[in-house]
Amino acid sequence: MSPAQIKNADRVRDLRAQIATANTQYYVLDAPTLSDAEYDRLFRELQTLETEHPELLTLDSPTQRVGGKVARGFVGVTHRLPMLSLANAFSEAEVLAFDRRVSEALAGTGWAGTEIEYACEPKFDGLAVSILYRHGLLAQGATRGDGETGEDVTENLRTIRTIPLRLALENPPAELEVRGEVLMLRHDFERINQEALARGEKTFVNPRNAAAGSLRQLDSRVTAARRLSFFAYGIGSVEGTVLAKTHAGQMAWLADLGFPIASQRRVVPGVRGLLDYFAWLGAQRDAMPYAIDGAVYKVNAIAAQTVLGFVARAPRFAIAHKYPAQEEMTLVEGIDIQVGRTGVLTPVARLKPVFVGGVTVTNATLHNADEVAKKDIRVGDTVMVRRAGDVIPEVAGVVLERRPMRDLLEPIFSAFVMPTECPVCGAPVLRIEGEAAARCSNGLACPAQRKQAIRHFAQRRAMDIEGLGDKLIDQLVDAGQIKTPADLYRLDVAILAGLDRMGEKSAENLMAAISASRGRPLSRFLFALGIRHVGEETAKALARHFGAMDTLLHASVEQISAVPDVGPVVAASIAAFCAEPHNRAVIEALRGVWSDGAPQAQSVGRGVGKTFVLTGTLPSLSREQAKALIEAAGGKVAGSVSKKTDFVVAGFDAGSKLAKAHELGRVILNEAEFTKMLEENP
Ligand code: D41
């Protein structure tokens, strides 16, 4: 998209938001914020933009409404007590301020001077509903709506198996309104999306949307098939019973009545307790069976809640402490194609920058053509971007309501197609039957593959040529100075000093780094060649087995298959690489750069033949350094602790592996003990 198109798209979005707010103020809250003339001006500007740029028209645009409201099949329900909203806190400072406000408001009451007791619970990322029981029987269920009035979804709520149809009480109260959230468990979400895909239907972008779409179904059989869940978070109006005097007590009572409630509830003292709870809950977040977007803190004593009362439409006694959002919507401004080391073409979404999961995301891999087709992602679409924990950001799905109308009417117009020619070198793109990947057929003649191959060759874990960065490689390849890794060893200071931003001194340093890489062991050299399926471990096994490059070059597939942990596919790939004339020529040109010989145990320290497990962060050694030390001492590193483990080297934040080591009675070493031990002779 051009900057002008992006500007129009932004303006359209802005206008729609303003009009939607004005509509709510006018129709729902009965408190207009815009004059009729201002409203009309915005509306007409939007209509004009949409007429001039039909690609920006979407089905959810306010210009597409018939009359003022979208037609719906649900009956309105006025809540007996309004369903309040929750104020949000996004920082520790805001939580401290909340606690201060609470303490100040309670000054002069029985709760003054002491730490406030809070009930803490997860904040479910679902839809709030209210369920009314009359004489113990489920009588009516409603969505929250605007807090005053919601929609009658009684029949749909009845299909949720965890909602009791009858209260487990001998003498049920005349009326009891239970409030909670309807949500979809992650595994149910995965399942219904799988089913939708199998039927060729569209998938939901996240469990929350899936829950919303399922709850607001006119046919409750559809809702039933979706397996929604419900968790209670409080009580609305009651008649005919006396409730417990604390929030925690009321929740325990709801649990007795048969309602599902969060198991992660805790009662804590003071603001320190709140912040500890937040960290504790945050650590469980990704492993929980449903999505949460924060923690909710409520003053535990109901009488104190009453003293505190409300501001506007939110209680002063409660607050939602939010985690950074793991999902945001943004615009796909383009789909680029990247060509990787092995020629694989990867579509990458270029996104309007968006802050999600603690980082600004500007692009996301779309993996391959099948994935793009499955999710039907197009340039101009609004997509949901997800970044949970430390995993790389992904496009969860398209927000179809925001798709430009033109693309809805003419899908062929903008559907993504994989290019048939490599965008870098123009060679034909091949897609191997049964494989998702499309590849440029040009091999190392393609500059993109050449650059990646050289990058791989020079990287730290391969030949380790310090200072040979991406920009430099791009320049050297683009200028025709290097075509293969062998050309690196023919560079001179004069060539290097002629490059952009390269002084004599840095040219000399780089020359020294290239020289220093001569004589690296065969195992590193084999890894550096970038043979498909040959990672560091396989490279080590090959070096150990064959001992010399020439022996490997003459080995048959069968002989290669005899190497421990090398299967037929890997062996075939290695043999094919070695048979390829171009590769042979490059290896010949690199003679003298590697040194033959199996990786030898260099010392006869106590590591020989021992199995080590590394866990946690060591104070000074990186994981790779520790591993190198162990291997140099003739030991082996394993990924998990078992009876075969001899030593567990534990650093900060060592988790389950350390626990397992204790359980199995293995020897546990800290870094100092570990290094000392490897230095000692038996
Ligand atoms: O888990 C939730 N989403 C949640 C929502 C919760 N655990 N507690 C809540 N408590 C309240 C008050 C304190 C106002 C009774 C809530 C909500 N409200 C709420 N949900 C949607 C709007 C408000």
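Here the structure is a predicted model, which is why all the values come from computation and not from measurement. (Residues numbered from 1 in each chain as written. Predicted model: local features only at pLDDT ≥ 70, side-chain atom pairs only at ≥ 80, totals over all residues. Heavy atoms only, no water.)

J.: Describe the sheet that holds strand S25 (residues 647-650), with residues and values.
T.: On the basis of which strands lie adjacent, the open sheet formed by four strands has the order S24-S23-S25-S26 and parallel pairing. The open sheet is flanked by strand S24 (636-638) and strand S26 (667-669), the only strands paired with a single partner. The sheet shows a mean angle of 35° between the axes of neighbouring strands, taken without regard to direction. As paired strands, strand S23 (residues 611-615) and S24 are joined by three bridges and run parallel to one another. Looking at the pairing, Thr 611 lines up with Lys 636 of S24. Across the sheet, helix H24 (residues 623-632) is in contact with S23 and S24; its angle to S23 comes to roughly 170°. (Pairing = 2+ DSSP bridges. Helix = DSSP H or I, 4+ residues; strand = E, 2+ residues; numbered from the N terminus. Axes fitted to C-alpha atoms, helices over the stretch in contact; angles between N-to-C directions. Contact = heavy atoms within 4.5 Å.)

J.: How would you explain the sheet that holds strand S3 (residues 117-124) if you had to name every residue and give the values?
T.: Spatially, five strands are ordered S2-S13-S10-S3-S9 in an open sheet, and the strand pairing comes out mixed. The sheet is open, and its two edges are formed by strand S2 (88-89) and strand S9 (266-269), each paired on a single side. Both S2 and strand S13 (residues 318-322) contribute to a ladder of two bridges, which runs parallel. Residue Ala 89 lies in a different strand from S13, and its bridge partner there is His 321.

J.: Before we move on, can you summarise the site of the ligand with the specific residues and values?
T.: Close to the ligand lie 15 residues; Leu 84, Glu 121, Phe 124, Glu 181 and Lys 298 are nearest. At 2.8 Å, a side-chain N or O of Glu 121 approaches a nitrogen atom of the ligand. If the ligand stood free it would expose 490 Å²; the protein chains cover 86% of that surface. Broken down by secondary-structure element, the contributors of at least two residues to the shell around the ligand are S3 and strand S10 (292-299). Among the elements that make up the shell around the ligand, the one with the highest residue count is S3 (four residues). Among the residues making up the shell around the ligand, the classes are represented as nine nonpolar, one polar and five charged. (Near = heavy atom within 4 Å. Polar contact = N/O pair within 3.5 Å; in protein donor to acceptor, adjacent residues only side chain to side chain. Areas by Shrake-Rupley, 256 points an atom, 1.4 Å probe, with all protein chains shown as cover. Nonpolar A, V, L, I, M, F, W, Y, C, P; charged D, E, K, R; others polar.)

Bear in mind that shape data such as this cannot, by itself, settle questions of function.
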